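Coordinate inspection notes
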Amino acid sequence: MVFSPTGCVLVVSVIKQLAQVHNSTVQASMERLCSYLPEKLFLKATCYLVVRTFGPDIIKLLSADMNADVVCHTLEFCHQGPGQALCHLYPLPKEAWKVTLEKARQIVKKPPTLKHLRGGADICALPFLAKICQKFKRTIRNSVPFRDVDSDNYSISPTLRGYHWRGRDCNDSDEMAYPGRRPDRWDEHRDSNCNGIWGVDPKDGLPYEKKFCEGSEPRGIVLLGDSAGAHFHIPPEWITASQMSLKSFFNLPTALTDELDWPQLSGATGFLLNATSGIKGNSIYLHLRRRNRCNHRDYQNISKNGASSQNLETFIESLSRNPLLDHPAIVIYAMIGNDVCNGRSDPVPEMTTPEQFYSKVMETLKYLNARLPNGSHVILYGLPDGTFLWDHLHSRYHPLGQLNRDVTYGQLYAFLSCLQVSPCHGWMSANETLRTLTSQRAALLSNTLKKIATNQEFTSFRLYYMDFDFQEIIKKWQKRGGQPWQLLEPVDGFHPNEVASLLLADDLWDKVQLQWPQVLGKENPFNAQIEQVFGDQGGH
């Protein structure tokens, strides 16, 4: 990212603002930024290498009062081809752009070194990062845990698709011990399903699993989702100079090894909640666990950044459920954006048609029918009307623009769309007609899901449809005294944030409980006793 146009503009902006906030030189602000970064994953070393390579030119250009757009065009990270629009985040200089750029080039005089790293090249081109990048890419491609000794798709490590994404393995040397399975001989001698309930009650000689869980209808939660379901999140303190300190980046290595996703805080499968959101709420998984403690650790977040109905088939096989050995599952199908969202200059032709959508959703459901245990449930979650993004954010200042009041979300959206890297040009656009067209297509796809849920039946599971009603969530938030923009990720200006995810989860839980209580299973009358005997059941 550092070597992409957006990465360059972001980093140069932070360097310039750090110098402003601390009233320091550009050299000192670059060194300050590198000092904040952890040594893990060679982050600090990479920063110092970039500073040594490009620092002298950045110092000259910022000292001449050039903005980040000019700096990145001068260093050729950004490029305007013949006939292409000029992509810029900040307001254009008062002088003509060509004049300003020529002045900047005269200041630098010679082209910077490490030419192979410019113009959007992969940071993995750095030799000492090649092995780490290879590891990341393989894990992301396969969507299964990188560290998994017994190859049961569960791990004792948190990141690289480990237990942040699916329940923690309790025995990584036994492929028959994993979350979600039916207990082996009522777990008299070992915890075969990792829910922390095992052994025999000395008072009556009954296995605890049989005593507390038999007939309680245990079940797990599985999310088939995209970046919203995985909870994509870039903390604003990473790019806000006035908030930046040594503490700001302590979680950067974890975030990078989780693909900048935070599934452990997500609305579907989160288990580390209330730590950062400041509101009381539970994920679907925690609701299920509270209802029946025998469901402990039975969650899978099978989500991927960029996922859609059209590419789900490339990673759905990472779902782990044995139809004969495992408990039923509640599967939430939540491809809520990428079938209508893309970064093309004309995004409409790239949107999924209702016919394409129907075909791929049916393929997915047939796959699930062959993989899920009988008695499972599948909820098809509709697409939102994303016009709220522009309506509530376009005139507000982005974290990069708050210090000098010079970058709004509208400007960010235009910059990303110009570079054709917008996560959703259709909704993140000043073009009202385009926003309306995108919402109309989303409504058609939601209607397709509704028809499938109404007309199709499967042997392994019952099928349901639920609207993604973000307007309802906004109203609930406003009743609490909140503002709509507070429900959106501040850095990307696109994804629902943690608060919104929890509100959506609570809303989904309440509706399912009201309309289809059979989906959730019974409330276990032995929950208090389970807690009394097993405490936190080994934690998460």
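Note that the coordinates shown come from a computational prediction; the quantities given were computed from them, not determined experimentally.

**Examining the domain arrangement of the protein chain**
For interface size, the figure often reported is the accessible area lost on association. Each assigned domain of the protein chain is listed with its residue range as follows: domain 1 (5–108), domain 2 (123–181) and domain 3 (220–234 + 261–523). Its C-alpha centre places domain 1 at a distance of 35 Å from the equivalent point of domain 3. Taken residue by residue, the interface counts 17 residues in domain 1 and twelve residues in domain 3. Together, the buried faces of domain 1 and domain 3 total about 1200 Å²; carbon and sulfur atoms form 75% of this surface. Scanning the region where domain 1 abuts domain 3 turns up zero salt bridges. Residue contributions to the side of domain 1 that touches domain 3 peak at nine residues, all from helix α1 (residues 5–21). Considered class by class, the residues forming the side of domain 1 that touches domain 3 number eleven nonpolar, five polar and one charged.

**Quick look at the UniProt feature "domain: Saposin B-type" (unreviewed entry) in the protein chain**
Mapped onto the present numbering, the UniProt feature "domain: Saposin B-type" (unreviewed entry) falls on residues 8–82. When the span residues 8–82 is considered, its composition is 71% helix and 0% strand, and the gap between its end C-alpha atoms is 22 Å.

**Points about the pairing of strand β5 (residues 461–466)**
Counted residue by residue, β5 has five buried out of six residues, so it is predominantly covered. Relative to β5, strand β4 (residues 376–381) runs parallel, the two sharing six bridges. Across the sheet, I379 pairs through a bridge with Y464, a residue of β5.

**Things to note about the packing of aromatic side chains**
Inspection of the entire model under this criterion finds 15 aromatic pairs. Taking 6.4 Å as the distance between ring centres and 55 degrees as the angle between the ring planes, the aromatic pair formed by Y409 and Y413 counts as tilted. Taken as a pair, Y409 and Y413 lie in helix α13 (residues 409–418) at a separation of four residues, close to a single helical turn. The two residues Y409 and Y413 agree in class, both being buried. Among the aromatic residues, those joined into a ring-pair cluster are Y208, F212, F526 and F534. The ring of W165 carries the charged tip of R161 above its face, separated from the ring centre by 3.6 Å.

**Topic: the nonpolar core**
What tends to happen in soluble globular proteins is that the nonpolar side chains get buried as a cluster. Counting residues in hydrophobic clusters, the biggest one holds 144 residues, and the most contacted among them are L224, L365, L368 and L380. Excluding anything up to four places from it in sequence, L224 contacts I302, S303, L312, I316, L319, V331, I332, Y333, A334, M335, T364 and L368. With seven residues, the next largest nonpolar core counts Y208, F212, C213 and F534 among its residues.

Definitions and limits used
Residues numbered from 1 in each chain as written. Predicted model: local features only at pLDDT ≥ 70, side-chain atom pairs only at ≥ 80, totals over all residues. Heavy atoms only, no water. Domains from an automatic or database assignment. Contact = heavy atoms within 4.5 Å. Buried area = accessible area lost by both parts, 1.4 Å probe. Salt bridge = Lys/Arg side-chain N within 4 Å of Asp/Glu carboxyl O. Helix = DSSP H or I, 4+ residues; strand = E, 2+ residues; numbered from the N terminus. Nonpolar A, V, L, I, M, F, W, Y, C, P; charged D, E, K, R; others polar. UniProt positions renumbered as here; feature names shortened; annotations may be inferred. Buried < 20%, exposed > 50% of the residue type's maximum accessible area, 1.4 Å probe, protein only. Pairing = 2+ DSSP bridges. Phe/Tyr/Trp six-rings, centres within 6.5 Å; stacked < 30°, edge-to-face > 60°. Lys NZ or Arg CZ within 6 Å of the ring centre and 35° of its normal. Core = buried A, V, L, I, M, F, W, Y, C linked by side-chain atoms within 4.5 Å.

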